[in-house]
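Here are the chains, one letter per residue:
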Amino acid sequence: MHSSVRRPPLRAPMIGDIVRLSGPGGMGRQYKRVHGVGIVVLIDKPEDRRIEYEVKWLKSEERMRFNEEDLIIISDVDRQT
């Protein structure tokens, strides 16, 4: 029997992915209440630092940068239907 629940993809975020913030305890939930979910709008790959993902939050319209482990993909752009 297969579950109808879709699991988040096990890959790095891509531009266009809908994401939410992960975090210890209730931090992610509290953040979601204020900012909602976000969309990855930019991927910065500097040579001397880790990759950063710029997210535009849909509720607050703020833009912020995060590392890969800070984000959970809710809906991915490359999912086949």
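What you see is a predicted model; the values in this text were computed from it and never measured.

Visitor: What's the story with the overall build of the protein chain in this structure? I'm lost.
Guide: When helices and strands are tallied, the protein chain shows one helix and five strands. Put simply, the protein chain runs from its N terminus to its C terminus through helices and strands in the order β-α-β-β-β-β. Across the protein chain, the fraction of contacts at a sequence separation of at least 24, relative to all contacts at a separation of at least 6, is 48%. Element-wise, carbon and sulfur atoms account for 51% of the exposed surface of the protein chain, whose accessible area totals about 6000 Å².

Visitor: So what exactly am I meant to see when it comes to the sheet that holds strand β1 (residues 18-21) here?
Guide: The strands that make up a sheet are held in pairs by hydrogen bonds between backbone atoms, and each pair lies either parallel or antiparallel. Across the sheet, five strands lie side by side as β4-β3-β2-β1-β5; this open sheet has antiparallel pairing. The sheet terminates laterally at β4 (63-66) and β5 (71-75), the two strands that pair on one side only. Across the sheet, the mean angle from the axis of one strand to that of its neighbour is 45°, orientation sign disregarded. Across two bridges, β1 lies against strand β2 (residues 38-44) in antiparallel orientation. In the strand pairing of β2, V19 is matched with G38.

Visitor: How should I be thinking about the nonpolar core in this particular structure?
Guide: Soluble globular proteins tend to pack their nonpolar side chains together in the buried interior. Counting residues in each nonpolar core, the largest one holds ten residues, listed as V19, L21, Y31, V40, Y53, V55, W57, F66, L71 and I73. The set of elements that each furnish at least two residues to this core consists of β1, β3 (52-57) and β5. Broken down by element, this core gets its largest block of residues, three residues, from β3.

Visitor: Is there a simple way to explain the environment of E69 in this structure?
Guide: One can find E69 in the loop between β4 and β5. For E69, a relative accessible area of 48% puts it in the partly exposed group. The sequence separation of E69 and L21 amounts to 48 residues, and the corresponding C-alpha distance is 9.1 Å. If sequence neighbours within four positions are ignored, E69 has contacts with S22 and R50. Only 2.6 Å separates the side chain of E69 from the side chain of R50, close enough to count as a polar contact.

Visitor: Mind showing me how you'd approach the packing of aromatic side chains here?
Guide: Centre distance and the angle of the planes are the two values used to describe a pair of aromatic rings. Evaluated as defined, the whole model comprises one aromatic pair. Aromatic pair W57 and F66: ring centres 5.8 Å apart, planes at 80°, arrangement edge-to-face. Comparing W57 with F66 shows no difference in burial state: the two are buried.

Cut-offs applied
Residues numbered from 1 in each chain as written. Predicted model: local features only at pLDDT ≥ 70, side-chain atom pairs only at ≥ 80, totals over all residues. Heavy atoms only, no water. Helix = DSSP H or I, 4+ residues; strand = E, 2+ residues; numbered from the N terminus. Contact = heavy atoms within 4.5 Å. Areas by Shrake-Rupley, 256 points an atom, 1.4 Å probe, with all protein chains shown as cover. Pairing = 2+ DSSP bridges. Axes fitted to C-alpha atoms, helices over the stretch in contact; angles between N-to-C directions. Core = buried A, V, L, I, M, F, W, Y, C linked by side-chain atoms within 4.5 Å. Buried < 20%, exposed > 50% of the residue type's maximum accessible area, 1.4 Å probe, protein only. Polar contact = N/O pair within 3.5 Å; in protein donor to acceptor, adjacent residues only side chain to side chain. Phe/Tyr/Trp six-rings, centres within 6.5 Å; stacked < 30°, edge-to-face > 60°.

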